[in-house]
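Report on the structure
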Amino acid sequence: MANNRVNVSVFLLILLLISQNLIFAQTTVQPGKPNELDNKFTPSQFPLFNGSSSTSSGSHSGSSYDEFKNVIKCNIGLLPRKIAAISYERFLAEEISIEGSVGFCYGKDPIFSAIGSEIASISSISNNQITLTDLCKYSTYINKGLFMSGSIKFHFSGFSFWNDEGTYLELGFRNMRNNLDITPLINQQYNSPNYNFSGSPFVSLRQTQYLICYGYRFATTEKIKTSHEFYFGAGWRSGTYNSFSFDYSQNSGTSEIYQNGSRENFSSPIFVMGYILGFGF
């Protein structure tokens, strides 16, 4: 019995010493620096083994690209419409950006003059013979008119800012002014002894467009960061232009044509499409 008690005491003593050594080792031993073998057999670019490694350049993070939240842009699609403008876009968040443009109209919109004015003339309540169609077709463009626009964009692709390709929905407006001279119209249609034109022949044609556009864009992130957008959309156009009155004189048998100080109103649907080139920073 005595020997058994001695053996049990020795066993318990040894077990106690081992337990103390294990506890001491866990609390004091620090991991060493990784050596070459550690680097060789631990994949540094796999997130499971290395939490600090960067994610791939996939669809959401785009961390391998240089982000740019600011874009200076030119809407190439407006140039055939005789509008030159510079735009600035700023991302407020990954999915939302705002954009503003300023520029000038340097000529008559050929599409509106040929087609749009015909449609808009249907809604124009005119009390005289100078219709919107005649005004656009037979007038001469003078000076430069101001162009402004603004919009908010909602980006659905989930990509980080301009790091990768995606789509967006844009809600915006455009405001523009055309300065016209109707002297050619007067000479062509009212150049007779029966008509007498008096006052200014200059007309200010103003319109505001409210648009919903769907676009697709992609970006490059080389030394010169560029963005490219293709869009199409629809909306509503409303506008005004100087009104003219005709006063007929029975004594002379002639009609006097002059600006009466008021403005004619018109409205029509509008469809747009185009391409936008941008430079990011």
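These lines cover the structure that appears in this document, whether it is placed above or below. Just so it is clear, the model here is predicted, and its values are computed rather than measured.

Rules used in this analysis
Residues numbered from 1 in each chain as written. Predicted model: local features only at pLDDT ≥ 70, side-chain atom pairs only at ≥ 80, totals over all residues. Heavy atoms only, no water. Helix = DSSP H or I, 4+ residues; strand = E, 2+ residues; numbered from the N terminus. Buried < 20%, exposed > 50% of the residue type's maximum accessible area, 1.4 Å probe, protein only. Areas by Shrake-Rupley, 256 points an atom, 1.4 Å probe, with all protein chains shown as cover. Pairing = 2+ DSSP bridges. Patch = residues over 30% accessible without salt bridge, like charges linked within 9 Å, V, L, I, M, F, W, Y side chains within 5 Å. Salt bridge = Lys/Arg side-chain N within 4 Å of Asp/Glu carboxyl O. Core = buried A, V, L, I, M, F, W, Y, C linked by side-chain atoms within 4.5 Å. Contact = heavy atoms within 4.5 Å. Phe/Tyr/Trp six-rings, centres within 6.5 Å; stacked < 30°, edge-to-face > 60°. Lys NZ or Arg CZ within 6 Å of the ring centre and 35° of its normal.

A few words on the overall build of the chain. Scanning the chain from terminus to terminus reveals 5 helices and 10 strands. With 281 residues in all, the chain has 36% of them scored as buried. Accessible surface computed for the chain: about 16700 Å², of which carbon and sulfur atoms make up 60%.

Below, the discussion takes up the pairing of strand β5 (residues 145-155). In the case of a regular strand, side chains alternate between the two sheet surfaces. Where strand β3 (residues 96-105) and β5 come together, 10 bridges link them in antiparallel fashion. Note that in β5 the partner of I96 across the bridge is F154. Bridge count between β5 and strand β6 (residues 166-181): 9 bridges; the pairing is antiparallel. Each bridged residue has a counterpart across the sheet, and for H155 the counterpart in β6 is Y168.

Together, I72, I86, Y88 and F281 make up a nonpolar patch on the protein surface, roughly 390 Å² of accessible area in all. Positionally, F281 belongs in the segment after β10 (254-280).

A word on the pattern of salt bridges. Counted by the stated rule, this structure contains 8 salt bridges. Taking the shortest distance from any N to any O, the salt bridge between E99 and K73 comes out at 2.7 Å. In this pair, E99 sits in strand β3 while K73 sits in strand β1 (residues 70-75), placing the two residues 26 residues apart along the sequence. As a salt-bridge pair, E99 and K153 come within 3.1 Å of each other at their nearest N and O atoms. Of this pair, E99 sits in strand β3 while K153 is found in strand β5, placing the two residues 54 residues apart along the sequence. For E99, a relative accessible area of 13% gives the class buried. Residue K153 is classed as buried on the basis of its relative accessible area, which comes to 1%. Within this structure, K73, E89, E99, K153 and E229 form a network of salt bridges that share partners.

Moving on, we get to the nonpolar core. L132, I182 and L205 are the most contacted members of the largest nonpolar core, which has 24 residues in total. Broken down by secondary-structure element, the contributors of at least two residues to this core are β2 (83-91), α3 (110-123), α4 (132-138), β6, α5 (183-189), β8 (202-221), β9 (225-249) and β10. Apart from the residues lying within four places of it in its own chain, the contact partners of I182 are I130, L135, S139, F197, P201, V203 and F244. Counting 7 residues, the second-largest nonpolar core is a separate cluster that includes Y168, L211, C213 and V272.

Moving on, we come to the side chain of S117. Relative to the elements of secondary structure, S117 occurs in helix α3. Residue classification places S117 among the buried residues on the basis of a relative accessible area of 0%. With near-sequence residues (within four places) excluded, S117 lies in contact with F112, L132, T133 and C136.

Moving on: the packing of aromatic side chains. Across all of its chains, the model carries 9 aromatic pairs by this definition. Both rings, one in Y216 and one in F218, keep their centres 6.5 Å apart while their planes meet at 45 degrees; by these two values the pair is tilted. With a centroid separation of 5.1 Å and 35 degrees between ring planes, the pair formed by F230 and Y275 is classed as tilted. Here F230, found in strand β9, pairs with Y275, found in strand β10; they are 45 residues apart in sequence, far enough to count as distant. For Y275, a relative accessible area of 24% corresponds to the partly exposed category. In this arrangement the basic side chain of K153 is found over the ring face of Y168, its NZ or CZ atom lying 4.4 Å from the centre.

With that settled, the discussion passes to unusual backbone geometry. Phi is mostly negative for residues that are not glycine, and the peptide bonds are mostly trans. One non-glycine residue, K82, lies in the positive phi region at around 65 degrees. Tracing the backbone through its elements, the reader meets K82 in the loop between β1 and β2. For K82, a relative accessible area of 31% gives the class partly exposed. In the Ramachandran plot, N143 falls in the positive-phi region, its phi being about 60 degrees despite a non-glycine side chain. With respect to the secondary-structure elements, N143 resides in the loop between β4 (140-141) and β5.

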